[in-house]
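# What the coordinates show
Here's the letter readout for the chains.
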Amino acid sequence: QVQLVESGGGLVQAGGSLRLSCAASGRTFSNYFMGWFMGWFRQAPGKEREFVARINWNGDSTNYADSVKGRFTISRDNAKNTVFLQMNSLKPEDTAVYYCAASNSLTRLPERYDYWGQGTQVTVSS
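Conventions and cut-offs
- Residues numbered from 1 in each chain as written.
- Predicted model: local features only at pLDDT ≥ 70, side-chain atom pairs only at ≥ 80, totals over all residues.
- Heavy atoms only, no water.
- Disulfide = S-S within 2.5 Å.
- Helix = DSSP H or I, 4+ residues; strand = E, 2+ residues; numbered from the N terminus.
- Buried < 20%, exposed > 50% of the residue type's maximum accessible area, 1.4 Å probe, protein only.
- Salt bridge = Lys/Arg side-chain N within 4 Å of Asp/Glu carboxyl O.

This next bit is on the state of the cysteines. Per the stated rule, a full pass over the model turns up one disulfide. Residue pairing for cysteine 22: its cysteine sulfur links by disulfide to cysteine 100, the two sulfurs lying 1.9 Å apart. Residues cysteine 22 and cysteine 100 are joined by a disulfide whose S-S torsion is about -75 degrees; by sign, that bridge is left-handed. Here the residue cysteine 22 occupies a position in strand S3 (residues 18–25), and cysteine 100 occupies one in strand S9 (residues 96–103), the gap between them amounting to 78 residues. Comparing cysteine 22 with cysteine 100, the two get one shared label, buried.

Set out below in structure tokens:
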């Protein structure tokens, strides 16, 4: 079993920053997460879950949704099995529950991700 736990959400004013963390645990054999893509998704009330960003464990491949490109940065710490999402210049429309997910597929489709965290709430006030 693989567990993903998000943290770092909260309330921030527009223009502010937050750093989300996603800690992966449960499967500790050598290089288990190598070759996987870690993704961040978000879902606001009344909206579908949308892709935000992804990264491979090597850290040499990243991808961002157009809505966050230039403002958000995804990174990872392989030794700690942790993925981060640095969110800068936050806007009210960034308000959502943010989910961490893991997939063996190079995809933005939520249905192709095998493991999900419980989510962390990000609220941006105007």
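Alright, that's what it looks like, and here's the rest.
Moving on, we get to the side chain of threonine 107. Locating threonine 107 in the fold gives a position in the loop between S9 and strand S10 (115–116). For threonine 107, a relative accessible area of 10% gives the class buried.

Let us now look at unusual backbone geometry. Positive phi values are uncommon outside glycine, yet asparagine 81 reaches one of about 50 degrees. Take asparagine 81: it is sitting in the loop between strand S7 (72–77) and strand S8 (82–87). In this structure, serine 89 is a non-glycine residue whose phi angle is positive, near 50 degrees. Within the secondary structure, serine 89 sits in the loop between S8 and S9.

Take the pattern of salt bridges next. This model, assessed by the stated rule, comprises three salt bridges. In this structure, the salt-bridge partner of glutamate 50 is arginine 42, at a minimum N-O distance of 2.7 Å. Note on glutamate 50: relative accessible area 33%, which makes it partly exposed. Measuring nitrogen to oxygen at the nearest pair gives 2.7 Å for the salt bridge that ties arginine 71 to aspartate 94. You can see arginine 71 sitting in the loop between strand S6 (62–64) and S7 and its partner aspartate 94 sitting in the loop between S8 and S9, a full 23 residues away along the chain. Taking relative accessible area as the criterion, aspartate 94 reaches 1% and is therefore assigned buried.

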